[in-house]
Amino acid sequence: MINRWSAAENDRQKNYRQFAQIPVTIAGRFGRIEKNRFRREGVGKGLPTAMKREIIKGLDLCKCISALLILLYHFGVERLTAGFSSPSFAAAPQFARWIEIACDLFFLTSGFSLWLGWGEGGNPSAYAKKRALAIYPMFWTGFFALFFYGEILHGNNREIPGWRLLFSILGLDGYLSQWTPTFYKIGEWFLGCLILLYGVFSLLAWLMRRSWGRRLLTAVCVCLWAFWPLACPVGWNARHTVLGSLPVFCAGMALARGWNNKTVQTWGWLGADLSIWALALLLWKGSVAPWLGPVTSVLLFCGLLWLGQRLPAGVGTGLHWLAGESYGIFLTHHVFLTLVWLRVMARFAIGPVVGFALYAPLCCVLAVLLRTVAWPVHEGFAWLLRRI
């Protein structure tokens, strides 16, 4: 004879086990579905592996200002290189320090964002797949379009061994081009450096979650900040290496920990104030740039975070969209400038002010176009990663 109570209890337990495996929680009056912590841990194949984070307007502001500084720097320098007249400040030594600050802001933003998403733990495989999916589809689309045009159709760079195409597939060609010939097209040194920092992030986060690890990281970063500009081999740019960028990347991770406990949000105004004086000193005393530059960038980053959180909601929406296209802008702006836009400006006698006013929005359009064209690559790569 079947025990009705046992059968009902068995059904209840069976249903509980089935629904317990679904890594979502039903919350809200209208049955809103939100991802829970299990998605962050990578439970469930084929499911997203990172939680959706809040929109931090200050972070978007940092990305937008970084992109603007990079556009402005390359626009001024490439005009001078091509023999065009440019504003006098473009030839000043202080102008080159802005690009260092822009790159530092990107490293700080990356370390900050990664800590908020993955710093407290997570599936390393899911982290690696998500980073690869964010970087490579757009990069491969842009690179291989230029590679087909230059190398295949016109036979450029025939002296470079074919196996070095592997550097480009990994996104390290721009970084390694500082020391050896590669098929570098887009991404510059920055992309390869960022990819290498992404590769060691899990180790850095593991250390930062431990008190002794934080002390060790602090000591390493202070030593790199103080001595790497002196120890860097002749001919290398210390700031364009992983060791030179590691201190600001770790600073972004540390500031994200402070963001969680409201420290940066409360005292960010102090960073905004101090960054003004640090910028003035940096522009006046160039000999201290290798040491003062990272400090200025960290202070400025804190100030921009604090300022961005106080922007109106409507401004924040626009910044968030523009910040989302910053990677595409970074990939396309330089090659578009040198191969297309400078020639257009010369052909139609466009001045530098009007030229930059048109150049910046055109880079945004190109970023959107690259993202759209790369979508099939993105989907195919995502399909492949789900099966690994």
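Residues numbered from 1 in each chain as written. Predicted model: local features only at pLDDT ≥ 70, side-chain atom pairs only at ≥ 80, totals over all residues. Heavy atoms only, no water.

1. Quick word on the overall build of the protein chain
- Broken down by element type, the protein chain carries 16 helices and two strands.
- Of all 388 residues assigned to the protein chain, the portion counted as buried reaches 45%.
- The contacts in the protein chain between residues at least 6 apart in sequence include a share of 73% that link residues at least 24 apart.
- Element-wise, carbon and sulfur atoms account for 67% of the exposed surface of the protein chain, whose accessible area totals about 20800 Å². (Helix = DSSP H or I, 4+ residues; strand = E, 2+ residues; numbered from the N terminus. Buried < 20%, exposed > 50% of the residue type's maximum accessible area, 1.4 Å probe, protein only. Contact = heavy atoms within 4.5 Å. Areas by Shrake-Rupley, 256 points an atom, 1.4 Å probe, with all protein chains shown as cover.)

2. Some details on the packing of helix 8 (residues 188-208) against helix 10 (residues 242-260)
- With their axes 10 Å apart at the nearest point, helix 8 and helix 10 run at an angle of 50° to one another. Accordingly, the angle class assigned to the pair helix 8 and helix 10 is oblique. In this structure, helix 8 meets helix 10 at a crossing whose hand is right-handed. Of the residues in helix 10, those in contact with W189, C193, L196, L197, F201, L204, A205 and M208 of helix 8 are V242, S245, L246, F249, C250, M253, A254 and R257. (Axes fitted to C-alpha atoms, helices over the stretch in contact; angles between N-to-C directions. Parallel < 35°, antiparallel > 145°, perpendicular 65-115°, else oblique. Left-handed = near helix turned anticlockwise from the far one by under 90°.)

3. With respect to the nonpolar core
- Core analysis: the biggest nonpolar cluster contains 81 residues, and F112, F139, F301 and L331 have the highest contact counts within it.
- Aside from chain neighbours lying at most four places away, what touches L331 is M138, F139, I186, G187, L191 and L370. (Core = buried A, V, L, I, M, F, W, Y, C linked by side-chain atoms within 4.5 Å.)

4. Focus: the confidence of the model for the protein chain
- When pLDDT is averaged along the protein chain, the result is 82, and 80% of the positions lie at 70 or above.
- In this model, residues 1-5 is a region of pLDDT below 50 whose contacts with residues beyond four sequence positions or in other chains number one contact.
- Contacts of residues 14-51 to residues separated by more than four positions or lying in other chains number 47 contacts, the stretch itself having pLDDT below 50. (pLDDT = per-residue confidence, 0-100.)

5. What about a nonpolar patch on the surface?
- Among the surface-exposed residues, L203, W206, W212, L216 and V220 lie close enough to one another that they form a single nonpolar patch of about 460 Å² accessible area.
- Of all elements in the fold, only helix 8 and helix 9 (211-231) reach the threshold of two or more residues within the nonpolar patch.
- In terms of residues, the nonpolar patch owes the most to one element, helix 9, which gives three residues.
- As for its position among the elements, W212 is in helix 9. (Patch = residues over 30% accessible without salt bridge, like charges linked within 9 Å, V, L, I, M, F, W, Y side chains within 5 Å. Salt bridge = Lys/Arg side-chain N within 4 Å of Asp/Glu carboxyl O.)

6. Observations regarding the environment of K129
- Tracing the backbone through its elements, the reader meets K129 in helix 5 (residues 124-153).
- In this structure K129 comes out as partly exposed when scored by relative accessible area, which is 24%.
- With 259 residues separating them along the chain, K129 and I388 place their C-alpha atoms 9.5 Å apart.
- Among all residues touching K129, those that are not within four sequence positions of it are L385 and I388.
- Within the local environment of K129, its side chain forms a polar contact with the backbone oxygen of I388, the two atoms lying 2.8 Å apart. (Polar contact = N/O pair within 3.5 Å; in protein donor to acceptor, adjacent residues only side chain to side chain.)

7. Here we look at helix 15 (residues 352-373)
- With 22 residues, helix 15 extends 30 Å between its outermost C-alpha atoms, agreeing within 8% with the 32 Å of an ideal straight helix rising 1.5 Å per residue.
- Every buried residue of helix 15 is listed here: G355, F356, Y359, A360, C363, C364, A367 and L370.
- Looking at the buried residues of helix 15, the elements they touch are helix 3 (57-81), helix 5, helix 13 (313-324) and helix 14 (326-348). (Expected span 1.5 Å × (residues − 1).)

8. Re the side chain of R131
- Mapped onto the secondary structure, R131 falls in helix 5.
- Buried charge R131 goes without a salt bridge, the closest partner of opposite sign being D60 at 13 Å.
- Once residues lying within four places of it in the same chain are set aside, the contact partners of R131 are L114 and Y198. (Lys, Arg positive; Asp, Glu negative; His and termini not counted.)

9. Examining the packing of aromatic side chains
- What the rule picks out here adds up to 25 aromatic pairs.
- Measuring from ring centre to ring centre gives 5.0 Å for Y136 and W140, while their planes differ by 20°; the resulting arrangement is stacked. Here W140 and Y136 lie together in helix 5, a separation of four residues that amounts to about one turn.
- Seen from their ring centres, W140 and F381 are 5.1 Å apart, and the 70° between their planes marks the pair as edge-to-face. Of this pair, W140 sits in helix 5 while F381 sits in helix 16 (residues 375-386), and the two are 241 residues apart along the sequence. Per residue, the accessibility class of W140 equals that of F381, and both read buried.
- Its end group placed over the ring of Y198, R131 keeps NZ or CZ at 5.4 Å from the ring centre.
- Directly above the aromatic system of F348 lies the positively charged group of R347, at a separation of 5.2 Å from the ring centroid. (Phe/Tyr/Trp six-rings, centres within 6.5 Å; stacked < 30°, edge-to-face > 60°. Lys NZ or Arg CZ within 6 Å of the ring centre and 35° of its normal.)

10. Focus: unusual backbone geometry
- Even without a glycine there, the phi angle at E188 is positive, about 55°.
- As for its position among the elements, E188 is in helix 8.
- For A349, which is not glycine, the phi torsion reads 55° and is therefore positive.
- Secondary-structure assignment places A349 in the loop between helix 14 and helix 15.

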